[in-house]
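The chain contents come next:
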Amino acid sequence: FPSHDRWAVKVTGLTSLGTCVIADDVRFQNEINMIKQMNGYVVRILSTTRGVRLDHPSENIEHLFVDFSVVAEQDPQHVAEYVFTEIMKRETQSTG
């Protein structure tokens, strides 16, 4: 597989076993496409303390589709709780 497809192949294998996958570093459109095909969510987490490097194609992600964005002003636990709550709200809305 081309290097940019390895992630998608790995995720497909894991989810076929019933495993939930959380990817903390999605950088390419094919990865987002895979997540969306599996009814997953893509969340952009923006850091207020870390600079952004745009000198590599995999870091220039502003054009990629996301379901929602979060500004990570608090500790990772609070960010994770917010993301989980937001996804649960969206799941409830889509099934209700």
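Residues numbered from 1 in each chain as written. Predicted model: local features only at pLDDT ≥ 70, side-chain atom pairs only at ≥ 80, totals over all residues. Heavy atoms only, no water.

1. Focus on the nonpolar core
- Counting residues in each nonpolar core, the largest one holds six residues, listed as Val26, Ile32, Ile35, Val42, Leu64 and Val66.
- Look past the residues within four positions of Val42 in its chain and what remains in contact with it is Ile32, Ile35, Lys36, Phe65, Val66, Asp67 and Phe68. (Core = buried A, V, L, I, M, F, W, Y, C linked by side-chain atoms within 4.5 Å. Buried < 20%, exposed > 50% of the residue type's maximum accessible area, 1.4 Å probe, protein only. Contact = heavy atoms within 4.5 Å.)

2. Concerning helix 3 (residues 76-95)
- Between its first and last C-alpha, helix 3 extends 29 Å over 20 residues, near the 28 Å set by a 1.5 Å rise per residue.
- Those residues of helix 3 that fall on the buried side of the exposure criterion are Val79, Val83 and Glu86. All buried residues of helix 3 project into a common sector of 65° when viewed along the axis, lining one side. Counted as exposed and oriented over 90 degrees from the buried face of helix 3: Phe84, Thr92 and Thr95.
- Where helix 3 is buried, its residues meet strand 1 (43-47) and strand 2 (68-72).
- Two to three positions downstream of the cap, the backbone nitrogen of Gln77 sits 3.0 Å from a side-chain oxygen, assigning the N-cap of helix 3 to Asp75. (Helix = DSSP H or I, 4+ residues; strand = E, 2+ residues; numbered from the N terminus. Expected span 1.5 Å × (residues − 1). Arc of directions from axis to C-beta. Polar contact = N/O pair within 3.5 Å; in protein donor to acceptor, adjacent residues only side chain to side chain.)

3. Comments concerning the packing of helix 1 (residues 6-16) against helix 2 (residues 29-37)
- Running from N to C, helix 1 and helix 2 cross one another at 20°; their axes reach a closest spacing of 9 Å. In this view, helix 1 runs roughly parallel relative to helix 2, as classed from their interaxial angle. For the pair helix 1 and helix 2, the sense of crossing is right-handed. Listed contacts from helix 2 to Trp7, Ala8 and Thr12 of helix 1 are Glu31, Met34 and Ile35. (Axes fitted to C-alpha atoms, helices over the stretch in contact; angles between N-to-C directions. Parallel < 35°, antiparallel > 145°, perpendicular 65-115°, else oblique. Left-handed = near helix turned anticlockwise from the far one by under 90°.)

4. Notes on the confidence of the model for the chain
- Considering every residue of the chain, the mean pLDDT works out to 77; 77% of them sit at 70 or more.
- Predicted confidence in the chain is weakest over helix 1, with a mean pLDDT of 76, and strongest over helix 3, with 88. (pLDDT = per-residue confidence, 0-100.)

5. A look at the environment of Val21
- Among the structural elements, Val21 can be located in the loop between helix 1 and helix 2.
- Residues Val21 and Gly40, 19 residues apart in the sequence, show an inter-C-alpha distance of 9.4 Å.
- Aside from chain neighbours lying at most four places away, what touches Val21 is Val11, Leu14 and Thr15.

6. Concerning the environment of Asp25
- Note that Asp25 resides in the loop between helix 1 and helix 2.
- Residue class for Asp25 comes out partly exposed when judged on its relative accessible area of 41%.
- Along the chain, Asp25 and Ile45 lie 20 residues apart, while their C-alpha atoms are 9.9 Å from each other.

7. Re the pattern of salt bridges
- Under the definition given, this model contains three salt bridges.
- In this structure, Lys36 engages Asp67 in a salt bridge whose closest nitrogen and oxygen atoms are separated by 2.9 Å. Highlighted residues: Lys36 in helix 2 and Asp67 in the loop between strand 1 and strand 2, separated in sequence by 31 residues.
- A relative accessible area of 30% means that Lys36 is categorised as partly exposed.
- The structure contains a network of salt bridges with shared partners spanning Glu86, Lys89 and Arg90. (Salt bridge = Lys/Arg side-chain N within 4 Å of Asp/Glu carboxyl O.)

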